[in-house]
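Remarks on the overall topology
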Amino acid sequence: SSWGTLGGGFNNAVRSIAFDPAGNLYAGGSFVSAGGVSANCIAKFDGTSWSALGTGLNSVVNAVAVDTSGNVYAGGGFSAAGGNSASNVAKWD
């Protein structure tokens, strides 16, 4: 019946969200903070709080998808994921 913040919100734009089979929410965008936690362009919400996925990505995430095994896929304008070379697409397992 009314809108509210989700886990404290973000410091910049969220461009995509997706749920995994366990009900966790993933968000991707151009942020560096999710709910007050350092999270570079991608973060996970477990229903209570946000957390980072490793060191994240070095630039904007435009799309997030999760498969039935819980692997998270990110697409966007980045060149590195978790310190590894990744040309605009990456997988988090």
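Reference entry: report on the structure contained in this document. Computed from a predicted model, the values in this text were never measured in an experiment.

**Things to note about the overall build of the protein**
When its secondary structure is counted, the protein shows zero helices and eleven strands. Its helices and strands taken in sequence order, the protein reads β-β-β-β-β-β-β-β-β-β-β from the N to the C terminus. Burial analysis of the protein (93 residues in total) assigns 38% to the buried set. For the protein, the share of sequence-separated contacts (at least 6 apart) that also reach a separation of at least 24 residues comes to 27%. Surface exposure of the protein reaches about 5100 Å², of which carbon and sulfur atoms provide 50%.

**Description of the sheet that holds strand E11 (residues 89–92)**
The sheet built from three strands is open, its strands ordered E7-E8-E11 with antiparallel pairing. The open sheet has two edge strands with one neighbour each: strand E7 (61–66) and E11. Ignoring strand direction, the axes of neighbouring strands in this sheet form an average angle of 20°. Pairing between strand E8 (residues 72–76) and E11: four bridges, direction antiparallel. Bridging from a neighbouring strand, Val 72 pairs with Trp 92 of E11.

**Things to note about the packing of aromatic side chains**
Here the distance between the centres and the angle between the planes together describe a pair of aromatic rings. What the rule picks out here adds up to three aromatic pairs. Ring geometry for Phe 10 against Phe 31: centres 4.4 Å apart, planes inclined by 50°, an arrangement best described as tilted. Of this pair, Phe 10 sits in the segment before strand E1 (14–19) while Phe 31 sits in the loop between strand E2 (25–29) and strand E3 (33–34), and the two are 21 residues apart along the sequence. Overall, Phe 10 belongs to the partly exposed group, its relative accessible area being 26%.

Conventions and cut-offs
- Residues numbered from 1 in each chain as written.
- Predicted model: local features only at pLDDT ≥ 70, side-chain atom pairs only at ≥ 80, totals over all residues.
- Heavy atoms only, no water.
- Helix = DSSP H or I, 4+ residues; strand = E, 2+ residues; numbered from the N terminus.
- Buried < 20%, exposed > 50% of the residue type's maximum accessible area, 1.4 Å probe, protein only.
- Contact = heavy atoms within 4.5 Å.
- Areas by Shrake-Rupley, 256 points an atom, 1.4 Å probe, with all protein chains shown as cover.
- Pairing = 2+ DSSP bridges.
- Axes fitted to C-alpha atoms, helices over the stretch in contact; angles between N-to-C directions.
- Phe/Tyr/Trp six-rings, centres within 6.5 Å; stacked < 30°, edge-to-face > 60°.

No statement about biological role is implied by the geometric values presented.
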